[in-house]
Amino acid sequence: MASIPTSLTITRPDDWHLHLRDGAALAAVLPYSAAQFGRAIVMPNLKPPITTAAQALAYRDRILAGLPEAGPGSDFQPLMTLYLTDSTAPDEVSAARAAGVVALKLYPAGATTNSDAGVTDIRKTYRTLEAMQREGLLLLVHGEVTDPEVDLFDREAVFIERVMQPLRRDFPELKVVFEHITTLQAAQYVSACDAHTAATITAHHLLFNRNALFVGGLRPHYYCLPVLKREAHRLALVQAATSGSARFFLGSDSAPHAAALKEQSVCGAGCFTAPAALELYAEAFDAAGALDKLEAFASFNGPDFYSLPRNHGQVRLHREPWTLPETLPFGDATIKPLCAGETLNWRLQAA
Ligand code: DOR
Ligand code: ZN
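Residues numbered from 1 in each chain as written. Chains lettered and ligands numbered in written order. Predicted model: local features only at pLDDT ≥ 70, side-chain atom pairs only at ≥ 80, totals over all residues. Heavy atoms only, no water.

Draft legend 1. Molecular detail of the sheet that holds strand β1 (residues 7-11). Pairing is antiparallel across the open sheet formed by three strands, whose spatial order is β1-β10-β13. The strands lining the two open edges of the sheet, one partner per strand, are β1 and β13 (343-348). Direction aside, neighbouring strands of the sheet carry axes that sit 30° apart on average. Of the strand pairs in this sheet, β1 and strand β10 (residues 314-323) are connected by five bridges, and their pairing is antiparallel. The residue of β10 that forms the bridge with L8 is L317. Each of β1 and β10 touches helix α11 (residues 294-306); the most contacted strand, β1, lies at about 25° to it. (Pairing = 2+ DSSP bridges. Helix = DSSP H or I, 4+ residues; strand = E, 2+ residues; numbered from the N terminus. Axes fitted to C-alpha atoms, helices over the stretch in contact; angles between N-to-C directions. Contact = heavy atoms within 4.5 Å.)

Draft legend 2. Structural context of the site of ligand 1. Near ligand 1 there are 13 residues, and of these R21, N45, L225, H257 and A269 occur at the shortest range. In this structure, an oxygen atom belonging to ligand 1 sits 3.4 Å away from a side-chain N or O atom of H19. Separating an oxygen atom of ligand 1 from a side-chain N or O atom of N45 is a distance of 2.8 Å. Contact with the protein chains covers 100% of the free accessible surface of ligand 1, which is 290 Å². More than half of the atoms belonging to ligand 1 lie within 2 Å of the grid points that define the largest cavity. Broken down by class, the residue content of the shell around ligand 1 amounts to four nonpolar, seven polar and two charged. (Near = heavy atom within 4 Å. Polar contact = N/O pair within 3.5 Å; in protein donor to acceptor, adjacent residues only side chain to side chain. Areas by Shrake-Rupley, 256 points an atom, 1.4 Å probe, with all protein chains shown as cover. 1 Å grid on protein atoms, 1.4 Å probe; cavity = no way out; pocket = protein on both sides within 12 Å on 5 of 7 lines; lining within 4 Å. Sits in = over half its atoms within 2 Å of the grid points. Nonpolar A, V, L, I, M, F, W, Y, C, P; charged D, E, K, R; others polar.)

Draft legend 3. Highlighting empty space enclosed by the protein. As enumerated under the stated definition, the model contains three cavities of 30 Å³ or more in all. Looking at the lining of the largest cavity, its residues break down into six nonpolar, nine polar and three charged. Forming the walls of the second largest cavity are H221, A255, P256, H257, K262, G270, C271, F272 and K336. Across the lining of the second largest cavity, the residue classes break down as four nonpolar, three polar and two charged. (Points joined across faces, edges and corners; volume = space filled by probe spheres on them.)

This is the structure:
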């Protein structure tokens, strides 16, 4: 019988999909990600959204100012993105590239938190997508249609037909990340694409199916978008993440919302996983008997797809039960991490 591993050392990972917010919320959540990851792709859905290179540079400065001056986390690198709108000018793409912005994010208008300024019809962005393809910027996609006629649980699958397939046909050289995939259809679609298409997968979509939203009552902290799906989809995501395919990689989609705003009659979408992001992935890979596949998923496949160097340095996870706090400070408010008060089996060793 194989012995149970008690520790796991991997190359320092990156988070290829992260919400850091701004102001006091940024100050509260940034240290968790900086302690775990070398870099993170920072989502631009602030209020107002980050739509210009100048705004991205200013936001980057605010993030860097929130890092410790020395020691663990001080070398964390935020990788900036712009929020694509119907009116993003092709010239903004060159300015973005010059400013070190690596990607633009497509939010279908109304699909999720702070997406009102998103794209109403992808054809309106075609000149900008052409510029991105030319300049080598990536397109990051929130892959859900917003058509109210389409059942909420089917919106990702329908997005593949209505948006991804035409997009891939019209911009074959554009690198596209299908973000936070949640379905068997998306996993199969990305697997069947060529090397210009990849996907991120969150820890919560690897760990939970939609039952988690309703165990013993309505559980707002498990509500995110795209929403958790049924078990067959979770299994397909685990299979994709642990398959060894280089086109699936870590994107936590940690999306902090104050506890008081989650626990009310209308609750915003987002799971706050940053305090235990890597540990939650380790739980999922361990449950699948695939801890040996975690390093490529967390530390190699992302930088390889983005054409960035892999990180130097390593992090070590220990098999050591610990309990996530019930709440954490969040500016003047508090926030509940996903799995608050629950025990995890893996713990990241402090650097
Ligand atoms: O659950 C989500 N939360 N999904 C998103 O697409 C946005 C995010 C947020 O910003 O809170
Ligand atoms: Zn997100």
